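# Structure at a glance
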Amino acid sequence: MLRYLIRRLLAAAAILLVITVITFFIFFALPSDPALLACGKTCSPSRLAEIKHSLGLDQSFLTQFWEFFKGLFVGRDFGDQSVRVHCGAPCLGISFQTDTPVLSTLLGDFPADLSLGLGAAVFFLILGVGLGTLAAVRRGRAADKAAVGLALLGVSVQIYFVGLLLLYLFVDKWQILPASGYTPITQDPGAWFQGLILPWTTLVIVYLALYTRLTRSSMLEVFAEDYMRTARAKGLSTGKVVLKHGLRAAITPIITIFGMDVGSLIGGSAVITESVFGINGIGKLAVDSVQNSDLPVILGTTLFAATFVVLANVVVDVVYGLVDPRVRLV
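Residues numbered from 1 in each chain as written. Predicted model: local features only at pLDDT ≥ 70, side-chain atom pairs only at ≥ 80, totals over all residues. Heavy atoms only, no water.

## A short note on the state of the cysteines
Counting across every chain of the model gives 1 disulfide. One disulfide in the model links Cys 87 with Cys 91; its S-S distance is 2.2 Å. Negative torsions about the S-S bond denote left-handed disulfides, and the value of about 110° found for Cys 87 with Cys 91 makes this one right-handed. Judged by its relative accessible area of 2%, Cys 87 is buried. (Disulfide = S-S within 2.5 Å. Buried < 20%, exposed > 50% of the residue type's maximum accessible area, 1.4 Å probe, protein only.)

## Quick look at the pattern of salt bridges
Side-chain pairs of opposite charge can arise where the charged atoms are in close proximity. Overall, the coordinates contain 5 salt bridges when judged by the stated rule. Note that Arg 8 is salt-bridged to Asp 317, the shortest N-O span being 3.2 Å. Placement of Arg 8 in helix α1 (residues 2–29) and of Asp 317 in helix α13 (residues 295–323) is noted, with a sequence separation of 309 residues between them. Residue Asp 288 is joined to Lys 284 by a salt bridge in which the shortest nitrogen-to-oxygen separation is 3.4 Å. Placement of both Asp 288 and Lys 284 in helix α12 (residues 282–291) is noted, with a separation of 4 residues, approximately one turn of the helix. By relative accessible area, which is 24% here, Lys 284 ends up partly exposed. (Salt bridge = Lys/Arg side-chain N within 4 Å of Asp/Glu carboxyl O. Helix = DSSP H or I, 4+ residues; strand = E, 2+ residues; numbered from the N terminus.)

## So, the nonpolar core
Core analysis: the largest hydrophobic core is formed by 65 residues, its most contacted members being Leu 92 and Phe 124. Looking at this core, the element that brings in the most residues is helix α8 (residues 189–223), giving 14 residues. In contact with Phe 124, other than residues within four places in its own chain, are Leu 203, Val 204, Tyr 207, Leu 208, Tyr 211, Phe 258, Asp 261 and Leu 265. (Core = buried A, V, L, I, M, F, W, Y, C linked by side-chain atoms within 4.5 Å. Contact = heavy atoms within 4.5 Å.)

## Things to note about helix α5 (residues 102–137)
Along its 36 residues, α5 runs 50 Å from first to last C-alpha, staying within 8% of the 52 Å computed at 1.5 Å per residue. At Asp 109, α5 shows its largest bend, some 35°, and a proline, Pro 111, comes one to four positions later. (Expected span 1.5 Å × (residues − 1). Bend = angle between axes of the 7 residues up to and from the residue.)

## Some details on the UniProt feature "transmembrane region" (unreviewed entry) in the chain
According to UniProt, the feature "transmembrane region" (unreviewed entry) maps to residues 9–30, 114–137, 149–171, 191–210, 254–277 and 297–323 in the numbering used here. Across residues 114–137, the secondary structure splits into 100% helix and 0% strand, with the terminal C-alpha atoms separated by 34 Å. Helix makes up 96% of residues 254–277 and strand makes up 0%, while its end C-alpha atoms are separated by 28 Å. (UniProt positions renumbered as here; feature names shortened; annotations may be inferred.)

## Notes on the side chain of Asp 113
Among the secondary structure elements, Asp 113 is positioned in helix α5. Buried within the structure, Asp 113 lacks any salt-bridge partner; its nearest side chain of opposite charge belongs to Lys 284, at an N-O separation of 11 Å. (Lys, Arg positive; Asp, Glu negative; His and termini not counted.)

## A closer look at the packing of aromatic side chains
Inspection of every chain in the model, using the stated rule, returns 16 aromatic pairs. Taken together, a centroid distance of 5.4 Å and an interplanar angle of 90° make the contact between Phe 170 and Trp 174 edge-to-face. Each ring, one from Tyr 211 and one from Phe 258, has its centre 6.3 Å from the other, and the planes form 80°; the classification is edge-to-face. Here Tyr 211, found in helix α8, pairs with Phe 258, found in helix α10 (residues 238–269); they are 47 residues apart in sequence, far enough to count as distant. (Phe/Tyr/Trp six-rings, centres within 6.5 Å; stacked < 30°, edge-to-face > 60°.)

## Concerning the domain arrangement of the chain
By domain assignment, the chain separates into domain 1 (22–90) and domain 2 (101–325). Centre-to-centre separation of domain 1 and domain 2, based on C-alpha positions: 38 Å. Tallying the contact residues gives 10 residues for domain 1 and 8 residues for domain 2. Note on domain 1 versus domain 2: buried area summed over both sides is about 770 Å², and carbon and sulfur give 89% of it. Those elements that provide at least two residues to the side of domain 1 that touches domain 2 are α1 and α2 (34–39). Within the side of domain 1 that touches domain 2, the residues separate by chemical class into 8 nonpolar, 2 polar and no charged. (Domains from an automatic or database assignment. Buried area = accessible area lost by both parts, 1.4 Å probe. Nonpolar A, V, L, I, M, F, W, Y, C, P; charged D, E, K, R; others polar.)

## Brief notes about the confidence of the model for the chain
When the pLDDT values of the chain are averaged, the result is 85; 93% of them are 70 or greater. Per-element confidence in the chain ranges from a low mean pLDDT of 70 for α2 to a high of 93 for α5. (pLDDT = per-residue confidence, 0-100.)

Written as structure tokens, this is what we have:
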């Protein structure tokens, strides 16, 4: 198992290196001048030259990439001798808008994404697998039709529609919950939970459909296998046949999708949900950085999100190895 994990970690490191190279190339291949964006509209040629020198933009592409790559491990210094700003490792650059290290900004917004993405993922995984299993066991009956209908409804609606509807009902009309916003759990656990109920519910409604349908189809395929008929013929209880033999065999594709969804949600892909409910997460930060042409933040958020997606794939591979030992040989 250790050798299997080492191979997966080395592959993940290689993928992150390729993503870093491609992202950095796109960053500097843009037609806009990063130094001009940092300098502003009223920028003199001498000031523009100073900014290019302080950011290292007057060097060759390979030199700039090496400085950026080295900064990920040992940090970097920006500016000249008179005004020098140190960016500690791993350094993702300095924001043009705030003159602060990009990583510190990302880490400041990360708890909101972690709370939103991980909390919603736990709910839609448990509910989706449960409803999908129930629908497969009760195939063709009322429970199956109800689960399929809910799944179809979830696929049909959009996040911004569900989010605004929940805000109108629970905040404006019935006034059951307070206004939207994220409160750190360390500051007030009760306010943290209340502020995330509606965002969690929105994501659960949208993602629940996928997991219900996927679990149902996987379970139906497993139910048709010979070993399932053998398990029933041995006189095993329905619960043991379904959970121990059926669900364990059907869980593989669910693990794949779940790992990708969790990685992307934690990495900031829930940008619409964050915007609707006023949560200052990494997704909203990425949108704001695009609007403000803050290229270092754009680069940082891209690499940050890619890192979580790649790490989620590594975790999925490890879980595969635990669920099915044959995968470790691949």
